[in-house]
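# Breakdown of the fold
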Amino acid sequence: MADSFTLNTGVKIPSVGLGTWQSEPGQVKDAVAHALKSGYKHIDAAFAYGNEAEVGEALKEAFAAGVKREDIFVTSKCWLTYLRKPEACLDESLQKLGLDYVDLYLMHWPVPMNPNGNHPMIPKHPDGSRDLDTEWSHIDAWKAIEKLPATGKAKAIGVSNYSKKFLEELLPHCSIVPAANQIENHPYLPQQEIVDFCTSKGILIEAYSPLGSTGSPMFNEEGVQEVAKKHNVGPGTVLISYQVSKGHVVLPKSVTPSRIEENMKVLKLSSDEMESLEKIHKTKGVTRFVYPPFGVKLGFPDKD
Ligand SMILES: NC(=O)C1=CN([C@@H]2O[C@H](COP(=O)(O)OP(=O)(O)OC[C@H]3O[C@@H](n4cnc5c(N)ncnc54)[C@H](OP(=O)(O)O)[C@@H]3O)[C@@H](O)[C@H]2O)C=CC1
Ligand SMILES: O=C[C@H](O)[C@@H](O)[C@@H](O)[C@H](O)C(=O)O
């Protein structure tokens, strides 16, 4: 199975990366340290996760112990209240991570939010709805992000949570085609439409919430369990291997040492097994586990 894929910049990206969303301060440093000791070469971080300083502590210790910066692939993401000035968000992330550059920098969602609202991260209107920056489009945001590779602070740039509809809007305006689109992906949400579109444009898919997010609900799916039984592995290994078999980077999150190790295991699944996993959503229905209430249509067929 592929240990890495190649971005449209020509740079390799390790196929499995450690997720860090909701990895609590007090736990995330140990999780990243354990992952790096166990052989992970890829960490998925974000400004919005509020834990990049601890991720940075683990990286710093690993580098001091002999791990080379150039052997680790680090992703961060520009938060939505910074989409008018992404370099400022990147600078804050770099400072916290203790790095001079990230390997990949993503627009977290194509939804600019008011940078001068009542909260630095999730500004809201008095009625509780999210306070969006309606004068700044996701295309304006991408144009600002396109300036970052020239600074040397982001080796590659990409997007996250882009539907086919939004990418079709964006691509005609791009000087740099996004290197990746990080989207939710698992057998209840294969998103084949956006996957095929990205593949046709040379945009690599990164699968987030591959286990179904918090509490790994996809572990309960019988179709996944059946394949797991055949290989005498846990359902997580099947869910992770499913993504790598599809040519996707996969980003399982865990703060539990044994799970962090388990999640590195990638199996070759047969075409029959892949077919059975691909079919699950047709009978069990489509489920999207991560969909914040932005109050805008993001163009995903299951949400329109
Ligand atoms: N771009 C975006 O908008 C988004 C990006 N992401 C990225 O993708 C990553 C992964 O997605 P996420 O939503 O965190 O969810 P995951 O699908 O990775 O599931 C994480 C959950 O599964 C549990 N778990 C992990 N491994 C195992 C295992 N082997 N056995 C049993 N349980 C397990 C974890 O528990 P525990 O930690 O307690 O072990 C946690 O509760 C994120 O951390 C983030 O980096 C995620 C969502 C949105
Ligand atoms: O990466 C993880 C997710 O996208 C997360 O950052 C968002 O869902 C955020 O909590 C929000 O409410 O908008």
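Residues numbered from 1 in each chain as written. Chains lettered and ligands numbered in written order. Predicted model: local features only at pLDDT ≥ 70, side-chain atom pairs only at ≥ 80, totals over all residues. Heavy atoms only, no water.

The chain is annotated in an unreviewed UniProt entry as NADP-dependent oxidoreductase domain-containing protein of Saxophila tyrrhenica.

Attention shifts here to the site of ligand 2. As a matter of local geometry, ligand 2 sits amid W21, Y49, W79, H108, W109, I122, R130, P292 and F294. W109 places a side-chain nitrogen or oxygen 2.9 Å from an oxygen atom of ligand 2. In isolation ligand 2 has 340 Å² of accessible area, and contact with the protein removes 81% of it. Of the residues assigned to the shell around ligand 2, the class counts are 7 nonpolar, 1 polar and 1 charged. (Near = heavy atom within 4 Å. Polar contact = N/O pair within 3.5 Å; in protein donor to acceptor, adjacent residues only side chain to side chain. Areas by Shrake-Rupley, 256 points an atom, 1.4 Å probe, with all protein chains shown as cover. Nonpolar A, V, L, I, M, F, W, Y, C, P; charged D, E, K, R; others polar.)

Between helix 1 (residues 28-38) and helix 2 (residues 52-64), whose axes approach to 8 Å, the crossing angle comes to 35°. Handedness of the helix 1/helix 2 crossing: right-handed. For the pair helix 1 and helix 2, contact is made by V28, K29, V32, A33 and L36 and by E54, V55, E57, A58, L59, E61 and A62, respectively. Looking at the contact of helix 1 with helix 2 residue by residue, the class counts come to 8 nonpolar, no polar and 4 charged. (Axes fitted to C-alpha atoms, helices over the stretch in contact; angles between N-to-C directions. Helix = DSSP H or I, 4+ residues; strand = E, 2+ residues; numbered from the N terminus. Left-handed = near helix turned anticlockwise from the far one by under 90°. Contact = heavy atoms within 4.5 Å.)

Each aromatic ring pair is specified by the distance between its two centres and by the angle formed by the two planes. Going through the model one piece at a time under the given rule, you end up with 4 aromatic pairs. On the basis of an interplanar angle of 70° and a centroid distance of 5.1 Å, the ring pair of F47 and Y82 is categorised as edge-to-face. Taken together, the positions of F47 in the loop between strand 4 (42-44) and helix 2 and Y82 in the loop between strand 5 (73-78) and helix 3 (86-97) put the pair 35 residues apart, joining distant regions of the chain. Taking relative accessible area as the criterion, F47 reaches 10% and is therefore assigned buried. (Phe/Tyr/Trp six-rings, centres within 6.5 Å; stacked < 30°, edge-to-face > 60°. Buried < 20%, exposed > 50% of the residue type's maximum accessible area, 1.4 Å probe, protein only.)

A separate point is the UniProt feature "binding site: substrate" (unreviewed entry) in the chain. If you check UniProt for "binding site: substrate" (unreviewed entry), the listed places come out as H108 in our numbering. Within the secondary structure, H108 sits in the loop between strand 6 (104-107) and helix 4 (138-145). (UniProt positions renumbered as here; feature names shortened; annotations may be inferred.)

With phi around 70°, S213 is a residue other than glycine that occupies positive phi space. Position of S213 among the secondary structure elements: in the loop between strand 9 (204-208) and helix 7 (222-231). For S216, which is not a glycine, the phi torsion comes out positive at approximately 45°. The topology assignment puts S216 in the loop between strand 9 and helix 7. Judged by relative accessible area, S216 falls into the partly exposed class, the value being 21%.

One pass over the full model with this rule turns up 13 salt bridges. Between D133 and R84 there is a salt bridge, with the nearest N and O atoms lying 2.7 Å from each other. Placement of D133 in the loop between strand 6 and helix 4 and of R84 in the loop between strand 5 and helix 3 is noted, with a sequence separation of 49 residues between them. Judged by relative accessible area, which is 40%, R84 ranks as partly exposed. (Salt bridge = Lys/Arg side-chain N within 4 Å of Asp/Glu carboxyl O.)

Counting 92 residues, the largest nonpolar core has Y105, W109 and L167 as its most contacted members. With 6 residues, the single largest contributor to this core is helix 1. (Core = buried A, V, L, I, M, F, W, Y, C linked by side-chain atoms within 4.5 Å.)

Take the site of ligand 1 next. Close to ligand 1 lie 30 residues, the nearest being D44, S213, K253, S254 and T256. The separation between an oxygen atom of ligand 1 and a polar side-chain atom of D44 is 2.6 Å. Interatomic distance of 2.8 Å between a side-chain N/O atom of S160 and a nitrogen atom of ligand 1. For ligand 1, whose unbound accessible area comes to 900 Å², protein coverage reaches 92%.

With that out of the way, let us pick up the packing of helix 8 (residues 235-245) against helix 10 (residues 271-284). The contact between helix 8 and helix 10 brings their axes to 11 Å, and the two run at 100°. With respect to helix 10, the axis of helix 8 lies roughly perpendicular. Across from V238, Y242 and S245 in helix 8, the residues of helix 10 making contact are M274, L277 and E278. By residue class, the composition of the contact of helix 8 with helix 10 is 4 nonpolar, 1 polar and 1 charged. (Parallel < 35°, antiparallel > 145°, perpendicular 65-115°, else oblique.)

Next up on the list: the UniProt feature "domain: NADP-dependent oxidoreductase" (unreviewed entry) in the chain. In this numbering, the UniProt entry assigns the feature "domain: NADP-dependent oxidoreductase" (unreviewed entry) to residues 16-280. Helix makes up 37% of residues 16-280 and strand 12%, and the two end C-alpha atoms of the span are 23 Å apart.

Turning our attention to the state of the cysteines. Taken as a whole, this structure holds 0 disulfides when the rule is applied. A disulfide-free cysteine, C78 has its sulfur positioned 4.3 Å from the sulfur of C89, the nearest such atom. Taking relative accessible area as the criterion, C78 reaches 0% and is therefore assigned buried. (Disulfide = S-S within 2.5 Å.)

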